[in-house]
Every structure is written in C-alpha cells, then in structure tokens.
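Descriptive structure summary
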Amino acid sequence: MFLSDLLDEKCVQVGVEARDWRDAVRKSFSPLVESGAVSEAYVADAVAGVEKYGPYYVVCPHVALPHARPESGARRMAMGACILSLPVSFGARENDPVRYLFPLSATEADGHLEVLARLVDLLSEERFLSSMDGAQAPVEVVEMIRDMERSL
Amino acid sequence: MSQKFRALVCCRAGMGSSAMLKIKCDQVISEEGYPIETSQGNLDALMGFDGDLVITMSDLAEELIEDGNHKYVAGIRNIVDKKEIKEALEAFLASKSE
C-alpha cells in the first residue's frame, strides 16, 4: 500500500495556524476525529504522552507523527497531513521547530507498517519537505506524495 | 552462526515512532552487516525485555537512563539520519567488545 492510498484528502490541511504544539496536534487530528478514525480520547492521549514523556513522536527535523496508544481510541488505520503556516516548538531540540505533522491512527494490526516504511523513505529524501511547501491545497499534497513515492 | 545481539526498538505507544525507527535501523544493520537483530514494542514490552540493547527516541532514552534502566540504551534524535543510527549502533558494539 502506498501512503497516498491511505492519505484521505479530507485529512490533509495546509496553511494551518497553531498557537502552540498542543493546538497543532489537536488541529492535525480534527479531520480524523470527524471521520471517526480516532476518538477525542486518542487525541488527548497524544497530547498527554508528550507532556509526560517528551516529544517522542517528533521523528526528524521539522516533522511530527502524532499518535497515541491504540487502546486510547484508534478505531481504524488512518493518516493525515497538516502543514502549519508558522512552525511551533515541541521542546524537541535539534528537531524543532515543527511545521509538518502526520497524525496517525494505528490500530493493533501491523497493516500500517508498509505505509510507515513509505513515509520513512519520503522523509529520507531531502526534496520531500520543500515539495510539501509548494503545495497550495490538500489535493496537491496528496498528488505530490503519490508522484514522489512512486519514483522511489 | 555467530552470536547476535538482541535489540528492542521501542517508543511509548509501540506503533508509530518505533516502527519507523526499526525500519531505518534494519536498513543500517543490513547495509553494515551488524550482528544485531531487532524487535519492536512499547514500554510494557520493555519491562519484560531480556536482550542487550534498547533503541528509542532520544527524549525517551534520557528518561530510561534516569529511571536506572540497566540495559544499554541508544537514543536517536533524527530517525531518518543513517549516520546518527550508525554511530549509535557502533558505540553499542564497541561497548560490547571491551
């Protein structure tokens, strides 16, 4: 499965304004809550996890993959993308500030591993994040990701 | 068959960050031919883990070290940085050959 197959355009947001990292995480998840992929409790757990353990889902410079424990309310596998208009700090040192969020709903099944492998490959490409910057609309983000992951 | 070190790649949820980190670690281990095999889990899996090495995001790594985790803990800051992962794994292997 390609990342672009999982990424629902309705869960992609560009030019999002966030006050701080909590606001960014909540806003990144709001389409997934609306679509029923995750519960409000799942989002709360994603915020609480960072408060307790530090920014464990800020995975590389400028990129966060917000997620929580599946049992806190992941109903089905889903991923979104959220590009902030201005980056926020997660207290993640060299990986701060964060501008690109990929909210993830991972259930117990291993079905998401292939998609995460695709995301790892994309993030390993230097041109990936700058290509995200060029996207003006959600559909462009999905198309850019589709083109790039098929070229890898 | 030479001895392989067993590593647990973990994050808090055991789903996202650790899965991505395991994917990149496995790429590095395979390319470099390190004698390390990885499994993936959450903090609960860590409690029952009796292997040699814990690989996790650096913030969680600091927490584990502070908590007095007795296993070797390697913290990774940038999970797509092969060089960082390579250095961390080599430091672990060096500690085992002392």
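Residues numbered from 1 in each chain as written. Chains lettered and ligands numbered in written order. Predicted model: local features only at pLDDT ≥ 70, side-chain atom pairs only at ≥ 80, totals over all residues.

This part covers the overall build of chain B. When helices and strands are tallied, chain B shows four helices and four strands. Mapped from its N terminus to its C terminus, chain B presents α and β elements in the order β-α-β-α-β-α-β-α. Its C-alpha atoms give chain B a radius of gyration of 12 Å, near enough to 13 Å, the size a compact globule of 98 residues would have. Relative to its 98 residues, chain B shows a buried fraction of 43%. (Helix = DSSP H or I, 4+ residues; strand = E, 2+ residues; numbered from the N terminus. Rg over C-alpha atoms; globule rule 2.2 N^0.38 Å. Buried ≥ 20, exposed ≤ 12 C-beta atoms within 10 Å, placed from the backbone.)

Residue and element names in this part refer to chain B. As a packed pair, helix α1 (residues 17-32) and helix α4 (residues 82-96) sit with axes 10 Å apart at the nearest point and diverge in direction by 65°. Relative to α4, the element α1 lies roughly perpendicular. The two elements α1 and α4 meet at a crossing, and its hand is right-handed. Across from Lys-24, Cys-25, Val-28 and Glu-32 in α1, the residues of α4 making contact are Lys-82, Ile-85, Lys-86 and Leu-89. Looking at the contact of α1 with α4 residue by residue, the classes come out as four nonpolar, no polar and four charged. (Axes fitted to C-alpha atoms, helices over the stretch in contact; angles between N-to-C directions. Parallel < 35°, antiparallel > 145°, perpendicular 65-115°, else oblique. Left-handed = near helix turned anticlockwise from the far one by under 90°. Contact = placed C-beta atoms within 7 Å. Nonpolar A, V, L, I, M, F, W, Y, C, P; charged D, E, K, R; others polar.)

All names here are of chain A. In spatial order, the strands read β1-β5-β6-β3-β2; together these five strands make up an open sheet with mixed pairing. Looking along the sheet, the strands with just one partner apiece sit at the ends: β1 (12-16) and β2 (58-60). As paired elements, β1 and strand β5 (residues 81-88) share three bridges and run parallel to each other. The residue bridging Gln-13 from the neighbouring strand is Cys-82, located in β5. (Pairing = 2+ DSSP bridges.)

On to the sheet that holds strand β4 (residues 72-76) of chain B, then. In a beta sheet, neighbouring strands pair by backbone hydrogen bonds and run either parallel or antiparallel. Residue and element names in this part refer to chain B. Reading across the sheet, the four strands line up as β2-β1-β3-β4 and stay open at both edges, with parallel pairing between neighbours. Looking at strand neighbours, the two that pair on one side only are β2 (36-41) and β4, the edges of this open sheet. Put simply, the sheet's adjacent strands are angled 25° from each other on average, direction ignored. Across five bridges, the pairing between strand β3 (residues 53-57) and β4 is parallel. Of the residues in β4, the one forming a bridge with Leu-53 is Tyr-72. Packing against the sheet, α4 makes contact with β1 (5-10), β2, β3 and β4, and its axis sits at approximately 165° to β4.

With 25 residues of chain A in contact, the opposing surface of chain B contributes 18 residues. Sorting the residues of the side of chain A that touches chain B by element identifies α3 (40-53), β2 and α4 (113-123) of chain A as the ones contributing at least two each. Looking at the side of chain A that touches chain B residue by residue, the classes come out as 18 nonpolar, five polar and two charged.

Turning to helix α3 (residues 58-66) of chain B, its buried residues are Ser-58, Asp-59, Leu-60, Ala-61 and Glu-63 of chain B. Along its buried surface, α3 of chain B packs onto α3 of chain A together with β3 and β4 of chain B. Looking one or two residues beyond α3 of chain B, the residue adopting positive phi is Gly-68 of chain B, at roughly 80°.

With that settled, consider the packing of helix α2 (residues 21-34) of chain A against α3 of chain A. All names here are of chain A. Axis separation between α2 and α3 bottoms out at 10 Å; the angle between their running directions is 155°. Between α2 and α3, the interaxial angle falls into the category roughly antiparallel. Crossing of α2 over α3 shows right-handed handedness. Residues Arg-22, Val-25, Arg-26, Phe-29 and Val-33 of α2 lie in contact with α3, whose contacting residues are Glu-40, Val-43, Ala-46 and Val-47.

Of all hydrophobic cores here, the largest spans 80 residues; its most connected members are Leu-119 of chain A together with Met-20, Ile-55 and Ala-74 of chain B. In this structure Ile-55 of chain B touches Ala-7, Val-9, Leu-21, Cys-25, Ala-74 and Ile-76 of chain B, once residues within four positions along its chain are discounted. (Core = buried A, V, L, I, M, F, W, Y, C linked by C-beta atoms within 7 Å.)

Residues and elements named next belong to chain A. Cis geometry is adopted by the peptide bond preceding Pro-97, which originates at Asp-96 and carries an omega value of -10°. Along the polypeptide, Pro-97 turns up in the loop between β5 and β6 (98-101). Of note in the backbone geometry, His-62 takes a positive phi value of approximately 75° without being a glycine. Along the polypeptide, His-62 turns up in the loop between β2 and β3 (63-64). In this structure, Arg-93 is a non-glycine residue whose phi angle is positive, near 45°. For Arg-93, the position within the fold is in the loop between β5 and β6.

Any link to function would need more than the numbers given here.
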